[in-house]
Amino acid sequence: MKKRLLTILLSASVITAAVAQSGEQKLRNLATYFTPEKKYLVLPVKNGAPKRNIELWADGDNVRFFDMELADDKPDWYAYLDISEWKGKPVELRVDKLPVDSKAFAPIAQSDEDKNAGEVYKEKLRAQFHFSPKRGWTNDPNGMAYFNGEYHLFFQHNPYGRGWGNMTWGHAVSKDMIHWTEVGDALHPDKFGPMFSGSAIVDSFNTSGLGEPGKPAMIMFFTGARSWAQAMAYTTDGRTFHKLDKAAVPRINKDNRDPKVIWHAPTKQWVMVLYVERDGGQHSMQFLTSPDLKNWTKTSSLNGGIGDDRYLFECPEFYELPVDGNPANKKWLLTAANSDYAIGSFDGKTFTPEAERLSNQRGRDFYAAQTFNNQPEGRRIEIGWWRTHTDKDDMTFNQGMSIPLEHKLVTTPEGIRLTRLPIKELEQLRDKTYNLGKLKLKEGGKNPLESINSELAEIRTELEPGKAATITFTLRGLPVVYDVAKQQLTIDGVTAPAALQDGKLKLIIYVDRTGVELFANDGLMFMPINKNLEAANQSYSLTATGGTVKVNNLDVYALKSIW
Ligand code: FRU
């Protein structure tokens, strides 16, 4: 009874620590106690409002700290901070510079559900078959791994605003890499600083000792963006996360981040590739090895570009693949945030490039991609951050990911090259099918795509341009133009090479609300173009100029939403 009384007293107490004057507005620092009874603390957000620093203290510890555009009056949307961990115990909420008449925390609202005003995932600018967070900002995918029967996609998340900040690892799970369920933030800013990007592995042999018998741990490596150390967290159930107090790798140079960890079977050790900016703005990748994931030794380092030349700049990715599917001929691929890559060999300590600065990705704003570790069939599947123009209107979220892409290495006349193709699991989204077969496309002729009316689409075609000058797909108002003489594709001002092969051009195009992803010549060129398509326009056309195009096949699928 006594305890309850104390809780009520604490809940009611508001301590005004300081009152400051800013212009006309009277501001104060607020410190107040409340007792978590429900799952979430409801935080009202006003896009563009001044940022306030908010802290939550429990048992004398600063357990959450972040800034946010707090709505003093009517909010645009609500962010939900999970407080279930402290249920029944008084916690302290501190807010700096809160206007004296602010209604943000009067009363302190809690809720067991996270609710939007409108229906979540149906918002006007929500991509319909690409992952995006329920609320807040995202950038890089993080910690991608298959663990305990699920694909895990962590992501750089600002849970409290539509802009970059408060870097937290958001967390979504999927059985098929297509349909994602967000399950709450996994890693919050702490003494290491905000949680910058990193990777996750499954410690199947329990080299770290962090697993339990029959229950291996998934271990996550991230950069703490205050200490700039590479730190660790682990989980055995895929839902609850424990951080290790000691960093795995202390800061190497002023700017180092984004650890990618993999298992190197031939030498039976763990390998970390870490981005390190060296003196003079030299980008480099540092290789380290470890027997137990906790103790790391530097082995070698490889330089990339300098300054604005962003070859091998941040977000490393490193893996081995068979060439042309031949397991006796494997090569290693090293890449970084802008996806330019090197192919070479790796002996467990040193990566020796055989070809460098290659590029497959020629689109706009595809960045910081990462592949799943531990993929059960040994496929190499990537998801990238695909910057979208979603910071608009009453959207409660901003940014999203690409579709999942399967990587392969193939031999071409120019040498070994990476191909990216949409994963086969996307086929389940096909709804209505239009097999438009073989046809001849003449200048001024009939539009073979006339009957199609769909917001979301997948198009597969093989074209023989012959003497035509241009071939144009217009996708819900967005022209995709192939210049036959130049052997180039142009979409929304971005131009990319797409050479004819035996006089033919093969294309796969995915169309969603926030842009199109194009794959040319069996994935030798990938061109994601972010562009919000006009909601009212769901029409498609295919036209040619200057000659007749032989269309060897043309299949269009209207697609279903993943949500
Ligand atoms: C790449 C990046 C990473 C960093 C993260 C922070 O987009 O700058 O290097 O870890 O974003 O959000």
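What you are looking at is a predicted structure, and each value in this text was computed from that prediction instead of being measured.

Enquirer: Before we go on, may I ask you to explain the sheet that holds strand β3 (residues 40-45) in this structure?
Expert: For sheets, the rule is that strands pair by backbone hydrogen bonds, running either parallel or antiparallel. With respect to topology, three strands assemble into an open sheet ordered β6-β3-β8, the strand pairing being antiparallel. In this open sheet, the two strands that pair with only one neighbour each are β6 (77-82) and β8 (110-111). Pairing of β3 with β6 involves six bridges; the strand directions are antiparallel. Among the inter-strand pairings, V45 is bridged to a residue of β6, identified as W77.

Enquirer: Would you explain unusual backbone geometry in this entry?
Expert: Apart from glycine, the bulk of residues carry a negative phi angle, and the bulk of peptide bonds sit in the trans form. Of the consecutive residues A106 and P107, the connecting peptide bond is found in the cis state with omega at -5 degrees. Structurally, P107 can be placed in the loop between β7 (91-99) and β8. The phi dihedral of Y121 is positive, around 75 degrees, even though this residue is not glycine. Tracing the backbone shows Y121 in the loop between β8 and β9 (136-147). Even without glycine at this site, N374 takes up a positive phi of about 70 degrees. Note that N374 resides in the loop between β25 (366-371) and β26 (380-386). Overall, N374 belongs to the partly exposed group, its relative accessible area being 39%.

Enquirer: Looking at this model, I keep getting lost on the side chain of D292. Mind explaining?
Expert: Tracing the backbone shows D292 in the loop between β19 (282-290) and β20 (297-306). Within the buried core, D292 has no salt-bridge partner, and the shortest N-O distance to an opposite charge, that of K294, equals 6.4 Å. Those residues within four positions of D292 in sequence are excluded, and the remaining contacts are T207, S208 and W270.

Enquirer: Could you clarify how one ought to interpret the nonpolar core in this entry?
Expert: A general feature of soluble globular proteins is that nonpolar side chains tend to end up buried together. Residues F473, L475, L489, L518 and M527 are the most contacted members of the largest nonpolar core, which totals 38 residues. Once residues within four sequence positions are removed from consideration, L489 is found in contact with V480, V481, Y482, V494, T495, A496, A498, L507, L518, A520, M525 and M527. Counting 30 residues, the second-largest nonpolar core is a separate cluster that includes W180, A369, W386 and F519.

Reading the values: the criteria
- Residues numbered from 1 in each chain as written.
- Predicted model: local features only at pLDDT ≥ 70, side-chain atom pairs only at ≥ 80, totals over all residues.
- Heavy atoms only, no water.
- Pairing = 2+ DSSP bridges.
- Helix = DSSP H or I, 4+ residues; strand = E, 2+ residues; numbered from the N terminus.
- Buried < 20%, exposed > 50% of the residue type's maximum accessible area, 1.4 Å probe, protein only.
- Lys, Arg positive; Asp, Glu negative; His and termini not counted.
- Salt bridge = Lys/Arg side-chain N within 4 Å of Asp/Glu carboxyl O.
- Contact = heavy atoms within 4.5 Å.
- Core = buried A, V, L, I, M, F, W, Y, C linked by side-chain atoms within 4.5 Å.

On their own, these measurements won't tell you what the molecule is for.
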